[in-house]
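So the chains spell out like this:
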Amino acid sequence: DAGITQSPRHKVTETGTPVTLRCHQTENHRYMYWYRQDPGHGLRLIHYSYGVKDTDKGEVSDGYSVSRSKTEDFLLTLESATSSQTSVYFCAISASQPGITDTQYFGPGTRLTVL
Amino acid sequence: RKEVEQDPGPFNVPEGATVAFNCTYSNSASQSFFWYRQDCRKEPKLLMSVYSSGNEDGRFTAQLNRASQYISLLIRDSKLSDSATYLCVVRAGNMLTFGGGTRLMVKP
C-alpha cells in the first residue's frame, strides 16, 4: 500500500469554525489531490497540487483552501465550516501527471461532521 | 446529466454467479478509463484500467466502447470477497471524474 496518512480520521466541529485536514505521504510523489465523497455524487475533486507551492482548483473548490509547503504534506482548510461541508474527505497521490501515469492512490479518509 | 453514470444497485448475486456492471460517460474527449473498488468505509483502490481492445485480469473483464461512450466490468465466479462498491472512473485532460459507484453484494 502507498504510504499515505490523513489526520484527523474523524472530526466533529461546529458551523463557523476553521478546520484543517492534513495529508501526509512518504512516497515523494509530486501530485497530490483532495476529494470529497458524498452519497449520490461520487468523488469530487476539491483542489490539487502539482508541486510545492503549486496548487489549482478542482470541481468543488468554493469554501476550501489548500497549502503545500513540503512535498510530503498537503493541507486542506475550511476557513469557516458549514453543514454542507459534512463529508468524507480523501487525499490521493500520483507519481506523475494524469496521462503519464493515471493511477491515483488514496489515503484512508477523514470523516468530517459539521453541526 | 452526470458526466459518469452508473446504476447504484445494489446487485445481489449468489456465490459463483457472473455479474456485469455498466457505466456511461458524457465527455467524448475522455482519454483513459478505469474501474476502482471501494470497500465500505475504506478508500478507493484501482482494480483495473480499461483498454479499447478489452482486457482481462483473472475473473475480471473490462470492455470499452468509445462509439457508445460505454464501459463495462464483468466478474465471473463471484466470491464473497468481491462484495464492494465498484467505481467507474474516466480521465479527460488532467482530471479524473468518478461515477457514483455500483454496489455489489455476493451472498453465500
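Here the residue numbers are simple positions, counted from 1 along each chain's written sequence. Whichever chain is written first is A, and whichever ligand is written first is 1; the rest continue in order. In keeping with the model being predicted, local features are shown solely for residues with a pLDDT of at least 70 and side-chain atom pairs are shown and tallied solely at 80 or more, while totals for entire chains, interfaces and linings include all residues. Processing note: side-chain calculations cover all non-hydrogen atoms of the structure and skip hydrogens and water entirely.

**Q** Quick question: what am I supposed to make of the sheet that holds strand 7 (residues 64-70) of chain A here?
**A** Two modes of strand pairing occur in sheets, parallel and antiparallel, and in both the strands are linked by backbone hydrogen bonds. Residue and element names in this part refer to chain A. The four strands are arranged 1-3-8-7 in an open sheet whose pairing can be described as antiparallel. Looking along the sheet, the strands with just one partner apiece sit at the ends: strand 1 (4-7) and strand 7. This sheet shows a mean twist of 20 degrees between the axes of neighbouring strands, independent of strand direction. For strand 7 and strand 8 (residues 73-78), the ladder comprises five bridges, and the chain directions are antiparallel. Looking at strand 8, one finds that K70 is bridged to D73. Only strands joined by at least two bridges in the DSSP assignment are considered to pair. Going along the chain from the N terminus, every DSSP run of H or I of four or more residues is numbered as a helix, and every run of E of two or more is numbered as a strand. Geometry is summarised by axes, namely lines fitted to C-alpha atoms with helices restricted to the contacting stretch, and by angles between N-to-C directions that run from 0 to 180 degrees.

**Q** Looking at this model, I keep getting lost on the state of the cysteines. Mind explaining?
**A** By definition, a disulfide is the covalent link that joins the sulfur atoms of two cysteine residues. Two cysteine sulfurs form what is called a disulfide whenever their separation falls within 2.5 Å. Counted by the stated rule, this structure contains two disulfides over all chains. There is a disulfide in this structure between C23(A) and C91(A), and the S-S distance comes to 1.9 Å. Measuring the twist about the S-S bond at about -70 degrees, one finds the C23(A)-C91(A) disulfide to be left-handed. Of the two residues, C23(A) sits in strand 3 (residues 19-25) while C91(A) sits in strand 9 (residues 87-94), which places them 68 residues apart along the sequence. When its relative accessible area of 0% is taken as the criterion, C23(A) is described as buried. Here C91(A) falls in the buried class, since its relative accessible area comes to 0%. Between the sulfur atoms of C23(B) and its disulfide mate C88(B) the distance is 2.0 Å. Relative accessibility thresholds used throughout: buried, under 20% of the residue-type maximum; exposed, over 50%; partly exposed, between the two (1.4 Å probe, protein chains only).

**Q** Is there a simple way to think about the interface of chain A and chain B in this case?
**A** Taken together, the contact between chain A and chain B spans 20 residues of the former and 20 residues of the latter. In this assembly, chain A packs against chain B so that about 1600 Å² is buried in total across both faces, 55% of it on carbon and sulfur atoms. Polar contact criterion, stated in full: a pair of N or O atoms within 3.5 Å, where within protein one must be able to donate a hydrogen and the other to accept it, and residues adjacent in sequence count only if both atoms are side-chain atoms. Inspection of the chain A/chain B interface yields two residue pairs in polar contact (both at pLDDT 80 or more). Contributing elements (two or more residues each) for the side of chain A that touches chain B: strand 4 (31-38) and strand 5 (42-51) of chain A. No other element matches the four residues that strand 5 of chain A contributes to the side of chain A that touches chain B. Under the grouping applied here, Gly and all other residues not named as nonpolar or charged are polar, the nonpolar ones being Ala, Val, Leu, Ile, Met, Phe, Trp, Tyr, Cys and Pro and the charged ones Asp, Glu, Lys and Arg. Considered class by class, the residues forming the side of chain A that touches chain B number eight nonpolar, eight polar and four charged. It only takes one pair of heavy atoms within 4.5 Å for two residues to be counted as in contact. As a working definition, buried area equals the accessible area (1.4 Å probe) given up by two parts on being put together, with both sides summed.

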